[in-house]
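Breakdown of the fold
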Amino acid sequence: MTSVLWFRRDLRLHDHPALRAAIDAGPVAPLFVLDPVLVRGRWSSPNRTAFLLASLRDLDAALRARGARLHLRIGRPAEEVPRFAIEIGAGAVFVSRDYSPYARRRDAAVARALEAHGIGFHARRGTLVHEPEEVRGAAGQPLTVFTPFHRAWSALPLRAPFPAPARIPAADHPDPGAIPSPADLGLPPPVEALPAAGEPAARARLQRFLAGPVCAYAETRDRLDLAGTSRLSQDLHLGLLSPLEVVTAARAAPCESAKFVSEVAWREFYHHVLWHHPRVLREPFQQAFAAIPWRRDQAAFEAWTAGRTGYPLVDAAMRELAATGYMHNRARMVAASFLAKDLLLDWRLGETHFMRHLVDGDVANNDGGWQWAASVGTDAQPYFRIFNPVLQAKKFDPEGSYLRRWLPELRRVPVRYVHEPWTMPPSVQAEAGCIIGRDYPAPIVDHRAAREQALAVFEAAREAATPKAGR
Ligand SMILES: Cc1cc2nc3c(=O)[nH]c(=O)nc-3n(C[C@H](O)[C@H](O)[C@H](O)COP(=O)(O)OP(=O)(O)OC[C@H]3O[C@@H](n4cnc5c(N)ncnc54)[C@H](O)[C@@H]3O)c2cc1C
C-alpha cells in the first residue's frame, strides 16, 4: 500500500516510528505542508520559520540520498493532505503525534477528511519519550507536580532507538512543489545568528555536547557567562532529534547525566500538562490567579521588549533574544519574572513576545515556562519567591561578562557596579562613558517597592479566591 508520511515537527530520519511504519506498509510519499496559520499566526516567528525552511532543505537532501524526495504544499492541512493523498493513490497517512490544541484540531480535521475517502490516518509516537497516557500517578491520574511526574516518567522502560532507513521505497508525485525561502513567503529576514539547521547539524550538536559538556552540565547550566547547556532546544522542538535518542545517549554518557535528562523531562511534563489541560493556553493553571488585575502600561512593556528597563540582567536577556532568537534559561526565568512581578504586566504579553522571536519557541514549553515564572502554573515558582534581578546577575554572571556582551553601554563599567549601574558615582559614570539616564536607563521601577506591590496583588487574588468559612 502506498502511504504518505506527513512530516510536521519530526524532521528527521533517525528514530522515526511513523516513517518506519510507512516503509513497512510499502512505497512512501514524504510530504510537508506549510500551514499559513503557523507561518503568519499570532505566535509565528520569522526566526523559527527560517530555521524550519532550512531544515526542510536538509530533510529533502537526506530523503533523496535514500531514493525518495520531500513534497511540499502550502495551504490548510485539512485540504492539502487529503488532496495529495488522493492524487498519489495513498491508502494511509502516517504522522508523529502532536499535542497542542491547534495540532489536535488540525489532525482531527485531516483524519475526518481522509476517512471520507477511505484513507487511514495513523499517529505514532516520536515527538516525546513517553506518551501522556503512559505517565500516571498511583491512582492512574495525570500528574501536575514535576517531582512525582519525573519519578513515574523515569521508571518507564525505553525502547531502543531505530536507525535511519538505508533506502526508502518512494512514491513520487509529478509535482513535488518547491521549498520556499523566507523572502518567497514575504517574511522579514531572520536574525543572522540562527543555528545551523537540519538533522545532521542537530546530531553534531548532540555529539559535541555528549563528548564533554554534559558532564559539567549540573554545575554550569545556570551560569550565564558559560556555554554550559546543550543548545538542543530548537532541535527537540522541530524533531531534528528524537527525544528518546537524546535521553538514551545521555544516559549512556560516561558520567552523571541525570540533571540533563531531568531537564528533557520538563519538556515532557509541559507537553503532558498541555495535553491533559489544553485550557492553559488561555488561562492560568491555578485559577485562583485568573483575576489578577494586571497593569496596562505600554511604555513599560516596550522598555522590557527593547531591553531598556535599567536592570542589566533583564536588558541583556531581552537583547540576546532580539539578536539571536535564543535566551539562556536563567535569563528567561529572570526576564519573565520581571515582566510579571516587577512590572505586573500580564505574562501572556511576554509569552507572545517570546513566541515571535524564539527559534525554539514551543507552545508547551513556553507556556509552561511563563506560567512557572508568573507563579500561576502547575508546580510553579511560589508567588512569594520573587527573583531579584541584581542578585541573580551577581550569582550567575559574577564578572558581568554576559551583561557586557549584550549591553555595549556597560562595557567599561567596573565589575563592582556592572550589576547595578545606577549606584555608580558620577565620576565613575563619566570615566566608564556610561551616564545613567543618558547612555543607559535608570531603573524603570524600584525592585523593592515592586516586589511589595506584587506580593500584595497576588495575596489579594489568592484570598479573594479562597472560600471563607461561615459564609
Ligand atoms: C519563560 C520561559 C519560556 C521558555 N520558552 C521555551 C520555549 O519556547 N521552548 C523551549 O524549548 N524551551 C523554553 N523554555 C525552557 C528553557 O529555557 C529552554 O528549553 C532552554 O533554555 C533551551 O536551551 P538548551 O537547549 O541549551 O537547554 P538545556 O539546559 O540543555 O536543556 C535540554 C533540553 O531540555 C528541555 N528543557 C530544558 N529546560 C526546560 C524547561 N524549563 N522547560 C521545558 N523544557 C526544558 C529543552 O528541550 C532543552 O533543549 C522556557 C523557559 C522559560 C523560563
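A word on the overall build of the protein chain. Scanning the protein chain from N- to C-terminus turns up 21 helices and 5 strands. By the compact-globule yardstick of 23 Å for 471 residues, the protein chain fits well, its C-alpha radius of gyration being 24 Å. In terms of overall dimensions, the protein chain has C-alpha extents of about 75 × 65 × 45 Å along its principal axes. Here the protein chain holds 471 residues, and 46% of them are scored as buried. Within the protein chain, contacts between residues separated by at least 24 positions form 75% of all contacts whose residues are at least 6 apart in sequence.

This brings us to the site of the ligand. Around the ligand sit 28 residues in total, of which Thr229, Ser230, Ser233, Asn366 and Gly369 are the nearest. Examining the composition of the shell around the ligand, we find that 6 residues originate from one element, helix 16 (residues 363-373), more than from any other. The residue inventory of the shell around the ligand, partitioned by class, reads 11 nonpolar, 10 polar and 7 charged. Here the shell around the ligand spans two domains, and each of domain 2 (129-159 + 199-276) and domain 3 (287-464) adds at least three residues to it.

Let's shift gears to unusual backbone geometry. At aspartate 15, a residue that is not glycine, the phi angle is positive and equals roughly 40 degrees. Residue position: aspartate 15 is located in the loop between strand 1 (3-7) and helix 1 (17-25). According to the C-beta neighbour criterion, aspartate 15 is buried, with 23 such atoms within 10 Å. If you check the backbone angles, leucine 344 has positive phi at about 50 degrees while not being a glycine. Inspection of the secondary structure assignment puts leucine 344 in the loop between helix 14 (329-342) and helix 15 (347-357).

Okay, helix 16 next. Counted residue by residue, helix 16 has 11 buried out of 11 residues, so it is predominantly covered. On its buried face, helix 16 sits against helix 11 (258-276), helix 14 and helix 15.

Spatial strand order, 3-2-1-4-5: 5 strands in an open sheet with parallel pairing. Since the sheet does not close on itself, it has two edges, and those belong to strand 3 (71-74) and strand 5 (120-124), each with one partner. Adjacent strand axes in the sheet meet at a mean angle of 30 degrees, parallel and antiparallel pairs treated alike. Summarising the sheet, strand 1 and strand 4 (residues 92-96) pair through 3 bridges and their orientation is parallel. Looking at the pairing, valine 4 lines up with valine 93 of strand 4. Across the sheet, helix 1 lies against strand 1, strand 2 (28-34), strand 4 and strand 5, angled at about 160 degrees from strand 4, the strand it touches most.

Another aspect to go through is the packing of helix 10 (residues 243-251) against helix 11. Remark: helix 10 packs on helix 11, axes separated minimally by 9 Å, with the N-to-C direction vectors making an angle of 165 degrees. Judged on the interaxial angle alone, helix 11 and helix 10 are roughly antiparallel. The two elements helix 10 and helix 11 cross, and the hand of that crossing is left-handed. On helix 11, the residues touching Pro243, Val246, Val247, Ala250 and Arg251 of helix 10 are Phe260, Val261 and Val264. Split by residue class, the contact of helix 10 with helix 11 holds 7 nonpolar, no polar and 1 charged.

A separate point is the domain arrangement of the protein chain. Segmentation of the protein chain into domains returns domain 1 (3-127), domain 2 (129-159 + 199-276) and domain 3 (287-464). Inter-centroid distance (C-alpha atoms) of domain 1 to domain 2 is 25 Å. At the junction of the two partners, domain 1 supplies 19 residues and domain 2 supplies 15 residues. The leading source of residues in the side of domain 1 that touches domain 2 is helix 3 (residues 46-64), at 6 residues. Taken together, the residues of the side of domain 1 that touches domain 2 sort by class into 7 nonpolar, 6 polar and 6 charged.

Our next topic: the environment of arginine 385. Mapped onto the elements of the fold, arginine 385 is located in the loop between helix 16 and helix 17 (389-396). Taking C-alpha positions, arginine 385 is 9.1 Å from leucine 455, a pair spaced 70 residues apart along the chain.

This paragraph deals with the nonpolar core. Counting 133 residues, the largest nonpolar core has Leu5, Val93, Ala317 and Ala335 as its most contacted members. Not counting residues within four places of it along the chain, the set of residues in contact with alanine 335 comprises Val314, Ala317, Met318 and Met327.

The next point concerns the environment of phenylalanine 384. By the element assignment, phenylalanine 384 lies in the loop between helix 16 and helix 17. When the 11 C-beta atoms within 10 Å are taken as the criterion, phenylalanine 384 is described as exposed. Taking the C-alpha atoms as reference, phenylalanine 384 lies 54 Å from isoleucine 23; in sequence the two are 361 residues apart.

Parameters and conventions
- Residues numbered from 1 in each chain as written.
- Predicted model: local features only at pLDDT ≥ 70, side-chain atom pairs only at ≥ 80, totals over all residues.
- Helix = DSSP H or I, 4+ residues; strand = E, 2+ residues; numbered from the N terminus.
- Rg over C-alpha atoms; globule rule 2.2 N^0.38 Å.
- Buried ≥ 20, exposed ≤ 12 C-beta atoms within 10 Å, placed from the backbone.
- Contact = placed C-beta atoms within 7 Å.
- Near = placed C-beta within 6 Å.
- Nonpolar A, V, L, I, M, F, W, Y, C, P; charged D, E, K, R; others polar.
- Domains from an automatic or database assignment.
- Pairing = 2+ DSSP bridges.
- Axes fitted to C-alpha atoms, helices over the stretch in contact; angles between N-to-C directions.
- Parallel < 35°, antiparallel > 145°, perpendicular 65-115°, else oblique.
- Left-handed = near helix turned anticlockwise from the far one by under 90°.
- Core = buried A, V, L, I, M, F, W, Y, C linked by C-beta atoms within 7 Å.

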